[in-house]
Amino acid sequence: MKVKQFFVVLLVLISLLGFPSQALAHGVETNYHLKINSLEIQSVFSTGEAFQDAPVIVHPPAGSDYAPIAGRTNEQGMFVFEPDYSVSGEWEVEIGEDSHWDMLVIPVSDRGIDVEAISQIHEDHPHHHHYLASQIIVVVLAIGCGIGSQFISHKFKN
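Residues numbered from 1 in each chain as written. Predicted model: local features only at pLDDT ≥ 70, side-chain atom pairs only at ≥ 80, totals over all residues. Heavy atoms only, no water.

S.K.: Before we move on, can you summarise the overall build of the protein with the specific residues and values?
M.R.: When you go through the protein residue by residue, the secondary structure sums to two helices and nine strands. Taken from the N to the C terminus, the helices and strands of the protein come in the order α-β-β-β-β-β-β-β-β-β-α. For the protein, the residues scored as buried account for 28% of the 158 residues in total. When contacts within the protein are restricted to residue pairs at least 6 apart in sequence, long-range pairs at least 24 apart make up 48% of them. Counting every atom, the protein has about 10600 Å² of accessible surface; 61% of that belongs to carbon and sulfur. (Helix = DSSP H or I, 4+ residues; strand = E, 2+ residues; numbered from the N terminus. Buried < 20%, exposed > 50% of the residue type's maximum accessible area, 1.4 Å probe, protein only. Contact = heavy atoms within 4.5 Å. Areas by Shrake-Rupley, 256 points an atom, 1.4 Å probe, with all protein chains shown as cover.)

Encoded structure:
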């Protein structure tokens with residue numbers, strides 16, 4: 001009987017730990033399209049719903065005398081980025097706040113926006129340390145259930 005219980009607990013642990021999946025409850029996806037002198041940026045939730053009226057902060061390149069510029073997305077979740085091409089460097093466009101956030105790092109030179117070098121930083125991707133902590137709790141509960149079942153079955157046999 002102990003071997004059977006061991007395999008049940010092992011199967012439960014493998015099913016919970018062996019097949020991790022990402023949970024994207026309400027992620028932000030940001031796409032962009034180069035226009036003539038600007039970059040059209042659109043943020044939507046993973047559900048496809050537009051990220052309407054989201055706060056946007058444009059940070060100029062480090063070392064420039066420019067102050068950050070604040071704005072908001074429109075009803076379609078769009079924001080138009082029009083950099084000063086005389087200020088070369090990496091401009092950062094932050095969209096959203098708290099748990100719904102995304103950021104584009106946009107290289108700009110006097111020749112224009114280098115679309116191929118744009119990078120994205122997602123804040124609301126699954127955090128592995130939270131996932132690991134929840135899985136440790138599951139393991140402890142599974143072990144506790146196994147020990148508890150041993151105790152109960154031993155008690156009923158006597």
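S.K.: Before we move on, can you summarise the nonpolar core with the specific residues and values?
M.R.: One finds Ile41, Phe81, Val93 and Ile106 to be the most contacted residues of the largest nonpolar core, which totals 19 residues. Of all the elements in the fold, those that place two or more residues in this core are strand E2 (39-45), strand E3 (55-59), strand E5 (78-81), strand E6 (89-97) and strand E7 (100-109). (Core = buried A, V, L, I, M, F, W, Y, C linked by side-chain atoms within 4.5 Å.)

S.K.: Describe in detail the pattern of salt bridges, supporting the description with residues and values.
M.R.: The final tally for this structure, using the stated rule, is one salt bridge. Asp53 is paired through a salt bridge with Arg72; the nearest N and O atoms lie 2.9 Å apart. Of this pair, Asp53 sits in the loop between E2 and E3 while Arg72 sits in strand E4 (residues 69-72); the two residues are 19 residues apart in sequence, bridging distant segments of the chain. In this structure Arg72 comes out as partly exposed when scored by relative accessible area, which is 46%. (Salt bridge = Lys/Arg side-chain N within 4 Å of Asp/Glu carboxyl O.)

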